[in-house]
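# Breakdown of the fold
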Amino acid sequence: MNKKIVVLGLGISGLGAAILAKKKGYNVFVSDKGNISEKNKKVLFNYSIDWEEGKHTVKEILNAKEVVKSPGISDQIDIIKQLNNKNIPIISDVEFAFRYTKAKIAAITGSNGKTTTTFLLGGILKNAGYNVLIAGNIGISFALSIAEKKYDYIVLELSSFQLDGIHKFRSDIAIILNITPDHLERYNGKFENYIASKFKITQNQTKKDVLIYNTDDSIVNNIQSQAKKIPISLDKKYEEGGTLDKKKIIIKLNNQTMTIHELGLQGKQNVYNSMAAAIAARIFEVKDSVIKQSMIDFKSLEHRLEHVLTVHGIDFINDSKATNINACWYALESMQKDIIWIVGGIDKGNDYANLDDLVFEKVKAIVCLGKNGQKIIKHFKGKVDVIVQAFSMNEAVNQSYSLAKKGDVVLLSPACASFDLFLNYEDRGLQFKNAVRTL
């Protein structure tokens, strides 16, 4: 019997899949077209896992029973096409790890808000005393975690790339928050392909499972599922679901009503996040008192509307994770003060017109950060009194500080990818925080 598994790409997910496969008795081979770090080489050596770097040896890879592919690897590269021609199954680490757990699973996706919802729900379950894993597209390997320990509950953030590689994966609760155009370069420029990937989160659910979905999102509202569908909305009222009533969240489930009066997080997106997490927690039989206290205590995550410092009455907010227009919209919407807005980076085909009303209402100055900000400058010229350019984070923070006055907020919410000046959005956010601390 062929028990050979090839792991393509040795990032966080690939390393975890390789270790889990080895522990389950597979013959494991790791192939990475790039370089493998010395740290990871030591791990592979310790587990007696064969590997290669800087190439993909076709003969070795095509001898696999199945292939676990890193989410970052495009389906369009030659080795993937050859695997498909040979009908060798290609799966994600999520699909592989799912085989080896009997835990209750909540899976969360969406273009925006999924990380916050994942940590919020996971935090509620931990506060309830549950044995819970929080993993997935948050930098924590689902596969490695399963290899090391058994869990009763698992909360997973899933990206579209991870969902592309699932076949039998099924969650007891699926949450889909919103869908806006993103990563279209991976989907032949077709929004409908990206939507189909997101909708895969519910494809294997049964009537015993639950799908929590945002009916205010016109795309999500069309989702079809075998699961029991529980809606959330800011203004629509449902016999069962979540809604907002005079700044209070109302959750109706199984003929019981829970009212949440206070949230630790502000802004419309966080209302959706909180509704979804609260409903999921109730389905997992967490007490109302634990849910409510968890909502009050929860603070924003790093790089997501993170309050950094207040300097001479000026608030500095790090929202570096806002890499698309929709995430930026929610950030602008949540601010209650005049904004000095730091925006820019690698544009992903943004339509800035979607922000015009909020910018006109709230933004007093724009600091355009990045090597090519002409699209931003051209769009907002005449709509904002002051627009300046910056080519480093220190320059952007210093310019913002000089433009702001007491009672204003400086908001880093780039609406763009970070790779022109930074390693990633985390690096961008850390540089922002460091620059603010030197003021």
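Coordinates for the structure precede this section.
I will try to describe carefully the structure that is included in this document. (Residues numbered from 1 in each chain as written. Predicted model: local features only at pLDDT ≥ 70, side-chain atom pairs only at ≥ 80, totals over all residues. Heavy atoms only, no water.)

### Observations regarding the overall build of the protein
- For the protein, the count of helices and strands is 16 helices and 20 strands.
- Considered along the principal axes of its C-alpha atoms, the protein spans approximately 70 × 55 × 35 Å.
- Across the protein, the fraction of contacts at a sequence separation of at least 24, relative to all contacts at a separation of at least 6, is 63%.
- With the model as given, the accessible surface of the protein reaches about 19700 Å², and the carbon-plus-sulfur share is 48%. (Helix = DSSP H or I, 4+ residues; strand = E, 2+ residues; numbered from the N terminus. Contact = heavy atoms within 4.5 Å. Areas by Shrake-Rupley, 256 points an atom, 1.4 Å probe, with all protein chains shown as cover.)

### Comments concerning the sheet that holds strand E15 (residues 306-311)
- Judged by pairing direction, the sheet is mixed, and its 6 strands sit side by side in the order E15-E16-E20-E17-E18-E19 without closing on themselves. Of all strands in the sheet, those bounded by a partner on one side alone are E15 and strand E19 (386-390). Along the sheet, successive strands turn relative to each other by an average axial angle of 20°, direction set aside.
- Sitting on the sheet, helix H16 (residues 425-437) touches E15, strand E16 (314-318), strand E17 (339-343) and strand E20 (409-412), and the angle it makes with E15 is about 15°. (Pairing = 2+ DSSP bridges. Axes fitted to C-alpha atoms, helices over the stretch in contact; angles between N-to-C directions.)

### Notes on the sheet that holds strand E3 (residues 50-53)
- Judged by pairing direction, the sheet is parallel, and its 5 strands sit side by side in the order E3-E2-E1-E4-E5 without closing on themselves. Either end of the sheet is taken by a strand with one partner, and the two such strands are E3 and strand E5 (90-91).
- Sheet topology places strand E2 (residues 27-32) next to E3; 4 bridges connect them, and they run parallel. Looking at E3, one finds that Val-30 is bridged to Trp-51.

### Some points on the nonpolar core
- Counting residues in hydrophobic clusters, the biggest one holds 50 residues, and the most contacted among them are Val-28, Val-30, Phe-96, Phe-142, Ile-154, Leu-156 and Phe-169.
- Here this core takes 6 residues from helix H1 (residues 12-23), the largest share from any one element. (Core = buried A, V, L, I, M, F, W, Y, C linked by side-chain atoms within 4.5 Å. Buried < 20%, exposed > 50% of the residue type's maximum accessible area, 1.4 Å probe, protein only.)

### Regarding the pairing of strand E8 (residues 153-157)
- Counting buried positions along E8 yields 5 of 5 residues, so the element is predominantly enclosed.
- Alternating positions in E8 separate into two faces, Tyr-153, Val-155 and Glu-157 on one and Ile-154 and Leu-156 on the other, with burial throughout.
- Where strand E6 (residues 104-109) meets E8, 5 bridges bridge the pair, whose relative direction is parallel. Within E8, the residue paired with Ile-108 across the bridge is Glu-157.
- Where strand E7 (residues 132-136) and E8 come together, 5 bridges link them in parallel fashion. Among the inter-strand pairings, Leu-133 is bridged to a residue of E8, identified as Ile-154.

### Some points on helix H11 (residues 288-297)
- Those residues of H11 lying buried are Ile-291, Ser-294 and Met-295. For H11, the arc enclosing every buried residue in end-on projection is 100°, short of the 170-degree limit, so these residues lie on one face. (Arc of directions from axis to C-beta.)

### Overview of the pattern of salt bridges
- Counted under the stated rule, the structure contains 16 salt bridges.
- The residue Asp-75 makes a salt bridge to Lys-69 at a minimum N-O spacing of 3.4 Å.
- Overall, the relative accessible area of 11% leaves Lys-69 in the buried class.
- As a salt-bridge pair, Glu-302 and Lys-433 come within 2.7 Å of each other at their nearest N and O atoms. Placement of the pair is Glu-302 in the loop between H11 and E15 and Lys-433 in helix H16, with a sequence separation of 131 residues.
- Of the residues examined, Glu-302 reaches a relative accessible area of 38% and is grouped as partly exposed.
- With relative accessibility at 5%, the residue Lys-433 sits in the buried group.
- Taken together, the shared-partner salt bridges in this structure form one network comprising Glu-38, Lys-41 and Glu-53. (Salt bridge = Lys/Arg side-chain N within 4 Å of Asp/Glu carboxyl O.)

These figures come from the coordinates and say nothing about function on their own.
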